[in-house]
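Analysis of the macromolecular model
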Amino acid sequence: MVRASVIGCGNMGSALIRGLSRIDEHTVIACDVDPAALEAVSDDCAETTTDPAAASDTDVVVVAVKPGLVLDVVTDLDLSPEQTLISFAAGVPTTALEEYTDAAVVRIMPNLAAETGNMAAAATGSEIPDDVKALLDAVGEFVEVEESQMDIATAVNGSGPAFVFYLIGAMRDAGVDAGLEPEDAEVLAAQTFKGAAETVLRSDRDIAELIDAVCSPKGTTIEGMEALWESTADEAVGEAVSAAEERSAELAEAFDDE
Ligand SMILES: NC(=O)C1=CN([C@@H]2O[C@H](COP(=O)(O)OP(=O)(O)OC[C@H]3O[C@@H](n4cnc5c(N)ncnc54)[C@H](OP(=O)(O)O)[C@@H]3O)[C@@H](O)[C@H]2O)C=CC1
Ligand SMILES: O=C(O)[C@@H]1CCC=N1
């Protein structure tokens, strides 16, 4: 069992808390300056507090506040070398965090799908302790990456859900425009993304082979694929990822002189 606290229970912190509450092996203390944020997760954690000091004696301390607040919060926590600090912050390098704490630091780029146990996370740190791995495994899949890869990971899996929500919306809207009921179109589009993602994860076949498997000769899909191949859809996705990556790098630049 992992004893963890989550400091900052907004969008990302609350998603983690709710994801961990789906399994009862972990004890989670939730901390936020906003009582309303704590009220929203009170049924999904063991304890809530507005005092970070009261939440700082757990084995693992997850800091999920906005990037600009992270170092102040970490400084005030005064953690020991036996504890592990997890930072979710975009653009805050591990070395910067290490200057402000005695705890072992693991920098993680999570995503909102922690809430449903489907998080894709990138983790970096000299050694990722077993209890942190157990915590990440409990809410999805993680991969270990180099610190230098964190900006692109932030774009792909951290920001990625927003890009995918957008694409699901576009597929839904196309269905609605052609006559489907909005609720039906949303289920069909979202479940199709979910099923396709699950297929990619579970299949030995690469993505080109999977596309081929859907395209019946002279059928419907090949017509749609030809329209996609002729469009600049892949460039648009690439540009979205690059813009998010650049912003992550820009946030990190603030720490260059520290
Ligand atoms: N949202 C996402 O999908 C993802 C976010 N992240 C990272 O997670 C972090 C949090 O992002 P997100 O959840 O979106 O942000 P939110 O603003 O939704 O949540 C942050 C929460 O922390 C609270 N807070 C502020 N100061 C303190 C403090 N000193 N002690 C305790 N709580 C405090 C805020 O309260 P108040 O609002 O009153 O200030 C708010 O409730 C960021 O660093 C971000 O880069 C990473 C991946 C995905
Ligand atoms: O938009 C952001 O900055 C945060 C980090 C990745 C996802 N949300």
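1. Considerations on helix α11 (residues 233–253)
- Counted at 1.5 Å a residue, the expected span for α11 with its 21 residues is 30 Å, and the 30 Å between its end C-alpha atoms agrees.
- Of the positions making up α11, those classed as buried are V241, A244, S248 and A252. For α11, the angular spread of buried residues about the axis comes to 90°, placing them on one side. When the buried face of α11 is taken as reference, the exposed residues oriented beyond 90 degrees from it are E239, E246 and E253.
- Contacts from the buried residues of α11 go to α6 (150–158) and α7 (160–177).

2. Here we look at the sheet that holds strand β7 (residues 119–124)
- Pairing within the open sheet is mixed, and its 8 strands lie in the order β3-β2-β1-β4-β5-β6-β7-β8. On the outer flanks of this sheet lie β3 (47–49) and β8 (140–144), each paired with one strand and no other. Each strand of the sheet is rotated relative to its neighbour by a mean of 25°, with strand direction disregarded.
- By the bridge criterion, 5 bridges tie strand β1 (residues 3–7) to strand β2 (residues 27–31) in an arrangement that is parallel. By the bridge assignment, S5 is partnered in β2 with I29.

3. Describing the pattern of salt bridges
- Applying the stated criterion across every chain, the model contains 8 salt bridges.
- D173 is paired through a salt bridge with R172; the nearest N and O atoms lie 3.0 Å apart.
- With a relative accessible area of 36%, D173 lands in the partly exposed category.
- Residue E186 is joined to R172 by a salt bridge in which the shortest nitrogen-to-oxygen separation is 2.9 Å. Of this pair, E186 sits in helix α8 (residues 182–202) while R172 sits in helix α7, and the two are 14 residues apart along the sequence.
- Several salt bridges share partner residues, and in doing so they unite R18, D44 and E115 into one network.

Calculation rules
- Residues numbered from 1 in each chain as written.
- Chains lettered and ligands numbered in written order.
- Predicted model: local features only at pLDDT ≥ 70, side-chain atom pairs only at ≥ 80, totals over all residues.
- Heavy atoms only, no water.
- Helix = DSSP H or I, 4+ residues; strand = E, 2+ residues; numbered from the N terminus.
- Expected span 1.5 Å × (residues − 1).
- Buried < 20%, exposed > 50% of the residue type's maximum accessible area, 1.4 Å probe, protein only.
- Arc of directions from axis to C-beta.
- Contact = heavy atoms within 4.5 Å.
- Pairing = 2+ DSSP bridges.
- Axes fitted to C-alpha atoms, helices over the stretch in contact; angles between N-to-C directions.
- Salt bridge = Lys/Arg side-chain N within 4 Å of Asp/Glu carboxyl O.

Nothing here speaks to function; it is all geometry.
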